[in-house]
Each structure stands twice: as C-alpha cells, then as structure tokens.
Amino acid sequence: MRLPLIACVLLTTIGQASSFHWTSQTSGVTARLRGVSAVNERVAWASGADGTILRTADGGRTWQRQTIPNTEKLDFRDIDAVSETVAYVLSIGPADASRIYKTIDAGANWTLQFSNDDAKAFYDAMAFWDADRGIAVSDSVDGHFVVLTTRDGGRRWTRVPDASLPSALPDEGAFAASGTNVAVLPPHHVWIGTGAAAKSRVLRSSDAGATWAVADTPIAASASAGIFSIAFRDAMHGVVVGGDFKQEGEAVKNAAVTSDGGATWTLVTGLGGYRSVVASLPGANPSWIASGPTGSDLSMDDGRTWKAIEGLGYHAFAIARRGAVGWGVGEDGRIAKLSGR
C-alpha cells in the first residue's frame, strides 16, 4: 500500500530513555530511505526510492551504494539481510513493480527471484526465518489475502492457498511503511498486522504459514489507519503499533500488547503519536522501542507504559541481532545510529 512516508532510526542497549543518543552518518545518497536491516555491529543494509541499496561493513563510517540494473524507478521499501553476504530486497507497487531480488555476494550481484504478475496485488513487506525460509505479504485481492512463502532461498515463491487463510475484509491490507508489518520467530511462527479496513487485525501461524488464524485488535482502523508494525520477543509476547498516518501527532488507539501469542490484544497508551515501527530490545528486561515521524518512545515494562526518547522521530529501524547498536534511515538519504551512553 503506497504511503507518503519518511523513514527511520534505531536503538541499542537497555537503559533509560535519556541514555540514548543519535550519531548521524553519511549515506552518500539523497533518495528517501525506507528499509534497513542490521546483521551485527559492523554490517547493515539500507534501501529506498530510486532503486537505492546501501551497505556498510564498518559500523556505518562508510556506506557503499549497490546497483541492480534497470531498477532506477523502483522503490525498495524492505531489505532483509540474513548474513553479512546474503540479503533480499523487495520493491513495492502494482503489478511487476513488486519484485524480490537476492544477493549472495554482499551485493556485488543481484538475482531477480520474484516479479508480481497480478495487476491487483501490491506487495508490502517480507521476513525470513533463516537464509532459506521466508514470507512475503501483499494487500488483499478480491477478498483474499495474498501471502507467498519460500523454502529454498527464494528460488521458488509459492502462494498460500486461499483455503488456508481467513477471508479478508473489504480493502484490508498491509501498510508499506517500514517493512515490519510481518514478523517471524524461528522455527515456525509468523504474524501479519493489517489495516485500511473496518478493523485492524493480526493473522498468525505456528506452522510457517501452512495454516492461519486471525484476531481482532483495538488499533484504530480506517483507510489511512491500522497496524503499521508488529514484533514479538518470544512466541507469546508481542506488540503492535500504528495509528493514522494522516494524523501523525494523534496518539489514539495506536498500540496494543499480547501475552498469548496474538490470540487477544490489549490496548495500551503512552506513545507520542502515530508510530510506524516497533522492535524488541535485547536484554534481561522485556523492553521495546517504537518510532514514527513525530518521535520515538521506549517501554521497559513489556509495552505497558512508554517514555519519550529525546530527539527526532523516524519510520523504520533495525537492531543488530548481536550487540547493542541499531541503524535508522529516512528522508534525503538520512542515516543515523543510536547507541547508549
């Protein structure tokens, strides 16, 4: 679902909201960046408009642009790195504007793996359990959810049968905001957050997408509102954030938590406005960071209460799987690194 969004920033060690600080980095590009994926404290990837793909191997001191031929008009809204050398990137849009490419050599070469041939489909995000198994999500088409899975590193992408999925509400889809409206947890769990319909819902599967259930959430719902991001710290505990992107400063029904794997959701308050991304922070305490264009917020009690983080807000961020740093990306090629004092 095409959105006029900017993008993001990120986080690091567990601590007070005031313990975080931003460090701007030089991307070398001016394109709007919407996707980011961090492998470790040294290697991260970013993506965005005008066919832009970036990679750092030195903690962000330098970023190298990578080029896929004939993709200058594509908007790469999501990038997922599964190792220092292997990554997938997804472009959004109707028909064949929605594509998935893969590299296995740190971006020196990219292979087209999927090109959408359905004029009504519009792919929004993807996620990967490991280097071989992944999932990609489109807006619904004619009352049916459109979900693809791969088990062979993207060589084949197979649509989940309609009979395995609940029916979609009219206009129900996923917002292409930060590449995080689908979340996975190894070995087999996956969740999808929806919006743009009469209700905001969460689809869930515990068998890697073979069968699905769906649950209503209390998140605001309209053509411009819903769940924009979903994340789980384990198989039971998760957070969804969102709101209305046309009312960025309004913090109305924009966050909910679950402790039963997504079967039920409880509304929480305290976020400073519409938020387009949420992520679980590594550490002993169950902590989360959410961000949107008006600011970022930290929760240290599993999403029940939130405290604003000083500084700008963003739309997408990624945390290194190991270590205590994260990267965010945004307008005009903006990249920032967030770490604790």
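As shown above, the structure is provided for reference.
A brief report on the enclosed structure follows. (Residues numbered from 1 in each chain as written. Predicted model: local features only at pLDDT ≥ 70, side-chain atom pairs only at ≥ 80, totals over all residues. Heavy atoms only, no water.)

1. Examining unusual backbone geometry
A negative phi holds for most residues other than glycine; trans holds for most peptide bonds. Omega for the peptide link from proline 186 to proline 187 comes to 5 degrees, which places this bond in the cis form. If you trace the backbone, proline 187 turns up in the loop between strand 14 (182–185) and strand 15 (189–193). One non-glycine residue, alanine 95, adopts positive backbone phi at about 50 degrees. Positive phi values are uncommon outside glycine, yet aspartate 171 reaches one of about 70 degrees. Within the secondary structure, aspartate 171 sits in the loop between strand 13 (158–159) and strand 14. (Helix = DSSP H or I, 4+ residues; strand = E, 2+ residues; numbered from the N terminus.)

2. Digging into the layout of surface pockets
Space inside the largest pocket adds up to approximately 990 Å³. In this structure, the largest pocket is lined by 36 residues; those nearest its centre are Asp80, Val184, Ala279, Ile319 and Arg321. Sorting the residues of the lining of the largest pocket by element identifies strand 2 (33–38), strand 6 (76–81), strand 10 (123–128), strand 14, strand 18 (225–232), strand 22 (277–281) and strand 26 (317–319) as the ones contributing at least two each. Of the residues belonging to the lining of the largest pocket, the class tally is 26 nonpolar, six polar and four charged. Counted as a void, the second largest pocket has a volume near 260 Å³. Forming the walls of the second largest pocket are 17 residues, and the residues nearest its centre are Thr149, Thr150, Arg151, Thr158 and Ala208. Among the secondary structure elements, those contributing two or more residues to the lining of the second largest pocket are strand 12 (144–150) and strand 13. Here the residues of the lining of the second largest pocket are counted per class, giving five nonpolar, seven polar and five charged. (1 Å grid on protein atoms, 1.4 Å probe; cavity = no way out; pocket = protein on both sides within 12 Å on 5 of 7 lines; lining within 4 Å. Points joined across faces, edges and corners; volume = space filled by probe spheres on them. Nonpolar A, V, L, I, M, F, W, Y, C, P; charged D, E, K, R; others polar.)

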